[in-house]
Amino acid sequence: ANARKPDKRNIQSIKASLARFGQVKPVVLSENGSTVIAGNGTLQAARDLGWSQIAAAKTSLDGPDAVAYAIADNRTTDLSDFDDIVLAQLLEELDPELVDAAGFDAKEIEKLTGIDVDASEDVDGMDFKFRVVVDCESEEHQSDVVSLLEEQGLKCQKLIS
């Protein structure tokens, strides 16, 4: 009764992570060891990779507590956001194979950084441009700053956070 349904992309990301880093955290099983409470995607990815063993931790949670924990395990991540600027900087510093293992594809990096990945010659090396973020007091102030920078021949992208 897993309410979370991993899709092909999700399983591929988990597989890339497992292949690169190994299994770092165990799946969570019911006390009898027959029901996965947390880590269904990890288990599926490990099976797809041909693994015959996987680390697991048993819990004494059962009934409604086990169900609530399973939901919370999936939901709590949904309730947080990335700091896109920091994330883009971190991804830029990684080798492409690590970016893949972290679960990001070229189009997502393009969206974060504003760089057209298909047109870039340096995607494999993640050699992106340097960026500046300016906090503005209002939308009008933002427009003025962008106009000033564009007059200097700089490419600008308006962001709202």
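Now for a description of the structure that goes with this document.

With that settled, the discussion passes to the packing of aromatic side chains. Scanning the entire structure with this criterion turns up one aromatic pair. Centre to centre, the rings of Phe82 and Phe104 are 6.0 Å apart; their planes meet at 65°, and the pair counts as edge-to-face. Separated by 22 residues along the polypeptide, Phe82 in the loop between α3 (63-78) and α4 (84-92) and Phe104 in the loop between α5 (96-101) and α6 (106-113) bring together distant segments of the chain. Take Phe82: its relative accessible area is 59%, and that puts it in the exposed class.

This next bit is on the environment of Glu108. Mapped onto the elements, Glu108 comes out in helix α6. The spacing of Glu108 and Ala88 is 20 residues in sequence and 9.8 Å in space, taken between C-alpha atoms. When near neighbours in sequence (up to four residues on either side) are disregarded, Glu108 contacts Arg9 and Gly103. Here the side chain of Glu108 touches Arg9 through a polar contact of 2.6 Å, side chain to side chain.

About the thresholds
Residues numbered from 1 in each chain as written. Predicted model: local features only at pLDDT ≥ 70, side-chain atom pairs only at ≥ 80, totals over all residues. Heavy atoms only, no water. Phe/Tyr/Trp six-rings, centres within 6.5 Å; stacked < 30°, edge-to-face > 60°. Helix = DSSP H or I, 4+ residues; strand = E, 2+ residues; numbered from the N terminus. Buried < 20%, exposed > 50% of the residue type's maximum accessible area, 1.4 Å probe, protein only. Contact = heavy atoms within 4.5 Å. Polar contact = N/O pair within 3.5 Å; in protein donor to acceptor, adjacent residues only side chain to side chain.

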